[in-house]
Structures are given as C-alpha cells and as structure tokens.
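# Working through the structure, step by step
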Amino acid sequence: MRKLIIAFVIAVLPGMALAAGNVHLEKVDIDLNNKESLQRGAKLFVNYCLSCHSAQYMRYNRMGRDIGLTDKQVEANLMFASEKVGETMTIAMPSEKSAKWFGTAPPDLSVISRSRGQDWLYNYLIGFYKDDSRPFGVNNTVFKDVGMPHVLWELEGLKEPVYNEEHHRTGWKYVSKGKLSPAEFDASARDLTAFLVYVGEPIQQTRKAIGIWVLLFLFVLFVVSYYLKREYWKDVH
Ligand code: HEC
C-alpha cells in the first residue's frame, strides 16, 4: 500500500502542479527543411527582434548557408548595420540601458528555443493582447506581465480577450487591424518559431542526415558480421 501511495505521489502530483501553473499551449507544426519558411523567419527576426535581442552564437554567413542564401543575399536583405557577413548577430543596445527601459534586459535568443521549447515560443509570439494596466499597454498569455512590447502589432493588430460568465477566455476580439489577417499572422509566427528553433541547434538537420547514414552503416555491418560469425562457427558445430 505504501508503495502504491508513493507511486501515486511521484506520478500524479507533479502533473497536477504543472497543470495548475501552466496555461494550455497550442502545438506548433514547423518544418526545418522548408528553407523558404526559415528565410521568412530570418527576415522577421532581423526586422523586428534584432534591435533588442542578439543571437550572438550565430554568424550571418553560416545562417545564410544553412537557410539557402548566398553571402550577397544575406548582406542585401538581412543586414542593416555595418557588420561584415562573417560576424555574429549582436546588437548595439547596451544591456544596462535596456534593463532600465524595459525592467529586464532582452535576453540573447540563440538558445531560447531549447530552454522554452517551440510550442511555448509560438504561443508567446501569438499571445500578446491589450492590457491597459501594463506599461506598454499589452500583456501575454504565456508570460504574465511581460516586459516586452508587442513588437509585431503592426502586422497582427491588437486583440482583446473575450470572456464568458465563468471568466474563461473564449476567444479574441480585434480592437485594431494589422497588415496581416489572423491566419497570415499565425503563419508568420510559425516561420519565426522555425527560425528560432534552427538558431537553437543549427546542426540539427545535418545531425539527422548523418544519423541515417550511421544506421545504414550499422545495418550493413550487422549483416556482414552475421555471415562472418556463421562462417567461423561452421566448423565448430
Ligand atoms: C523593444 C525591444 C524588444 C524587441 C524589439 C523584441 N523584444 Fe523580446 N523581449 C524584450 C524584453 C525587454 C524582454 C524581457 C521581458 C521580461 O523578462 O519581462 C523580452 C523577452 C523575450 C522573450 C522571452 C525570453 C524569456 O525570458 O524566456 C522572447 C522569446 C522574446 N523576447 C522574443 C522576441 C522576438 C522573437 C522578437 C521579434 C519578433 C522580440 N522578442 C523583439 C524586448 C524586446
């Protein structure tokens, strides 16, 4: 009986705690082999995020190669400052200043997809809503009282939660329209999420491709070893 109780505590309680503390995350479907999606994500990232957040472990030219762009294309489309294409994606804003402006310094986003996970990131990007009690007039469904402004508002517009009598959110009402429709904005959030997941582990696609070759090699080795073993043991039996 005691074992049963302990098993229950281990299995169920953490889940209950998580369920209580966490909001439901919508799953995001991204494809790291889709180079166009990554390119669109990169464009959004340099236009809307790189002013505050760096990705200091990523070099422009490496990124270009991985997502299917030449150095020239990267320079022309994804770089604004005087950096060279071999440099990392750093920012000019000193973090003491930004900490003063926003309450928290915007963190480097190189490995954010690994610490937060892709679903969280996507939900964060689509989670900004109007909240006049906050300094920037917005709050976030997965990051309560976030210190970041809704930097994509001109694309998304501004939405307000709609609640039912039990104070559960049942949907959104747009108080101002953006340049994109809700479906187009979701697609952009997916592209940006895909890009951040790529940045978090640039080697991922290569690693998977190598993995397949390794498995094939092991399979061939297995067949060879099997027949070799049969050959050796033939005389023993
Ligand atoms: C105007 C500056 C600014 C811009 C532009 C900006 N952010 Fe932020 N961001 C912040 C600040 C400040 C925080 C810290 C918020 C906090 O901790 O309350 C933050 C936090 C975040 C976090 C959460 C980090 C964590 O703690 O896990 C993510 C993810 C993020 N930003 C992604 C983005 C993306 C993607 C873009 C581009 C679409 C972007 N940000 C553009 C200022 C900015």
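Residues numbered from 1 in each chain as written. Predicted model: local features only at pLDDT ≥ 70, side-chain atom pairs only at ≥ 80, totals over all residues. Heavy atoms only, no water.

### Focus: the layout of surface pockets
- If you add up the space inside the largest pocket, you get close to 670 Å³.
- Residue lining of the largest pocket: 25 residues in total, with Val23, Thr141, Val142, Arg169 and Trp172 positioned closest to the centre.
- Listing elements by their share of the lining of the largest pocket, those giving two or more residues are β4 (138-140), β5 (157-163) and β6 (169-177).
- In terms of residue class, the lining of the largest pocket is built from 10 nonpolar, eight polar and seven charged.
- One number sums up the size of the second largest pocket: a volume of about 540 Å³.
- Surrounding the second largest pocket, 28 residues form its lining, His53, Pro106, Pro107, Tyr124 and Met148 being those nearest its centre. (1 Å grid on protein atoms, 1.4 Å probe; cavity = no way out; pocket = protein on both sides within 12 Å on 5 of 7 lines; lining within 4 Å. Points joined across faces, edges and corners; volume = space filled by probe spheres on them. Helix = DSSP H or I, 4+ residues; strand = E, 2+ residues; numbered from the N terminus. Nonpolar A, V, L, I, M, F, W, Y, C, P; charged D, E, K, R; others polar.)

### Quick look at the nonpolar core
- Judged by nonpolar contacts, the single largest core of 47 residues is most densely connected at Phe45, Tyr60, Met63, Val74, Met89, Tyr124 and Tyr198.
- Residue assignment for this core shows that the elements contributing at least two residues are α2 (35-48), β1 (55-59), α3 (60-67), α4 (71-78), α7 (118-125) and α9 (182-200).
- If we skip the residues at most four places from it in the chain, Phe45 touches Leu50, His53, Ser54, Ala55, Met89, Leu109, Leu192, Phe195 and Leu196. (Core = buried A, V, L, I, M, F, W, Y, C linked by side-chain atoms within 4.5 Å. Buried < 20%, exposed > 50% of the residue type's maximum accessible area, 1.4 Å probe, protein only. Contact = heavy atoms within 4.5 Å.)

### Remarks on unusual backbone geometry
- With phi around 50°, Asp145 is a residue other than glycine that occupies positive phi space.
- Structurally, Asp145 can be placed in the loop between β4 and α8 (153-156).
- Not every positive phi belongs to a glycine, and His167 is a case in point at roughly 65°.
- On the accessibility criterion, His167 (65% relative accessible area) is exposed.

### Details of the site of the ligand
- Lining the immediate environment of the ligand, one finds 24 residues, of which Cys49, Cys52, His53, Arg116 and Met148 sit closest.
- Take Arg116: an N or O atom from its side chain is 2.6 Å from an oxygen atom of the ligand.
- With respect to the pocket detection grid, the ligand is positioned in the second largest pocket.
- Of all the secondary-structure elements, those providing two or more residues to the shell around the ligand are α6 (112-116), α7 and α9.
- Broken down by element, the shell around the ligand gets its largest block of residues, three residues, from α7.
- Split by residue class, the shell around the ligand holds 19 nonpolar, four polar and one charged. (Near = heavy atom within 4 Å. Polar contact = N/O pair within 3.5 Å; in protein donor to acceptor, adjacent residues only side chain to side chain. Sits in = over half its atoms within 2 Å of the grid points.)

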